[in-house]
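A closer look at the structure
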Amino acid sequence: MKALPLWIAVPITVVVSLPFGLWLGVWSLPLWASFIVWAEYFQLGAKPAALKLMVPGFIAGAIGAGFVCAVSLVIGKVLNNPTAVSTGDIPWFIGMLLAFIPVIYVMKYLPFTSGPGGLCFFNGISMGLATFFVGLYGGYGGMKMPDGLEYLVPIITTIPAILAGILGAFLGWFNVVIMTPWAKEPQPAASPAKA
């Protein structure tokens, strides 16, 4: 069977992703994060081996971002959210500065973050921060933090980032699969050599 051309495979892949963003209600995924990870699959060579870097790197980065946001919120709670320009901005500056140090430092000990795996880790960080700061996922899946534990909301907002990243890795793989010939086409028989 012939491979699907890119101009057909991409729309099919997008349509495959839509139910995850449209049909799951409070569990719907941020498809923009999935599309970014899908592109990352191509950046890393569009081979299944890339998934061994992408998935753990992305998940670790998203967890790191959730940790940084939680630390920033704890600092805000402890310091009573001091303000320079907007409400509680000082704890964010302090928390981001301090909490990113160990998150980035640990990269040198993670086997999947060296070389191109660093891209996956930083992509996880960016999507983890995005799902927190976009403000839509603080009650993801109907989950709520008990009163007094609001600084743990990043645990909730990290979940859709991780799930979207896994979906994106699948979309990249799927897109390549549907563009790859499924069976070898029969070759014409060689003509007999003339004596």
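Just so we're clear, the structure is a prediction, and the values are computed from it rather than from any experiment. (Residues numbered from 1 in each chain as written. Predicted model: local features only at pLDDT ≥ 70, side-chain atom pairs only at ≥ 80, totals over all residues. Heavy atoms only, no water.)

Points about the overall build of the chain
Helix and strand counts for the chain stand at six helices and zero strands. From first element to last, N terminus to C terminus, the chain shows the α and β order α-α-α-α-α-α. At 22 Å, the chain has a C-alpha radius of gyration far larger than the 16 Å of a compact globule built from 195 residues. Counting all 195 residues of the chain, 39% fall into the buried class. (Helix = DSSP H or I, 4+ residues; strand = E, 2+ residues; numbered from the N terminus. Rg over C-alpha atoms; globule rule 2.2 N^0.38 Å. Buried < 20%, exposed > 50% of the residue type's maximum accessible area, 1.4 Å probe, protein only.)

Let's talk about helix α5 (residues 117-133)
Three or four residues apart is the spacing at which side chains of an α-helix point the same way, because the helix has 3.6 residues per turn. Helix length check: α5, at 17 residues, gives a terminal C-alpha distance of 24 Å against a target of 24 Å (1.5 Å per residue), a fit within 8%. α5 sits mainly inside the fold: 12 of its 17 residues count as buried. On its buried face, α5 is in contact with α2 (31-43), α3 (51-79), α4 (89-105) and α6 (153-178). (Expected span 1.5 Å × (residues − 1). Contact = heavy atoms within 4.5 Å.)

Here's the deal with the nonpolar core
One finds V68, M96, F100, V103, F121, I125 and L129 to be the most contacted residues of the largest nonpolar core, which totals 15 residues. Among the elements of the structure, α3, α4 and α5 are those that each provide at least two residues to this core. With near-sequence residues (within four places) excluded, F100 lies in contact with V68, G95, I125 and L129. Membership of the second largest hydrophobic core comes to 13 residues, among which are A33, A50, M127 and V176. (Core = buried A, V, L, I, M, F, W, Y, C linked by side-chain atoms within 4.5 Å.)

Focus: empty space enclosed by the protein
Throughout the structure, instances matching the rule amount to one cavity of 30 Å³ or more. Around the largest cavity, the lining residues are V37, M54, V55, F58, I59, I162, G165, I166 and A169. When its residues are assigned to classes, the lining of the largest cavity shows eight nonpolar, one polar and no charged. (1 Å grid on protein atoms, 1.4 Å probe; cavity = no way out; pocket = protein on both sides within 12 Å on 5 of 7 lines; lining within 4 Å. Points joined across faces, edges and corners; volume = space filled by probe spheres on them. Nonpolar A, V, L, I, M, F, W, Y, C, P; charged D, E, K, R; others polar.)

A short note on unusual backbone geometry
Of note, A46 is a non-glycine position whose phi angle comes to about 55°, a positive value. If you trace the backbone, A46 turns up in the loop between α2 and α3. For N80, which is not a glycine, the phi torsion comes out positive at approximately 60°. Mapped onto the elements of the fold, N80 is located in the loop between α3 and α4.

As for the packing of aromatic side chains
Considering all chains together, one arrives at 11 aromatic pairs under this definition. Ring geometry for W92 versus F132: centroids 5.5 Å apart, planes at 45°, classification tilted. Of this pair, W92 sits in helix α4 while F132 is found in helix α5, placing the two residues 40 residues apart along the sequence. The class for F132 is buried, based on a relative accessible area of 15%. Pairwise contacts between aromatic rings join W27, Y137 and Y140 into one cluster. (Phe/Tyr/Trp six-rings, centres within 6.5 Å; stacked < 30°, edge-to-face > 60°.)

With respect to the environment of L73
Looking at the element boundaries, L73 is found in helix α3. As a C-alpha pair, L73 and P154 span 81 residues in sequence and 9.1 Å in three-dimensional space. Sequence-distant contacts of L73, defined by excluding residues within four places in its chain, comprise W92, F132, E150, Y151 and P154.

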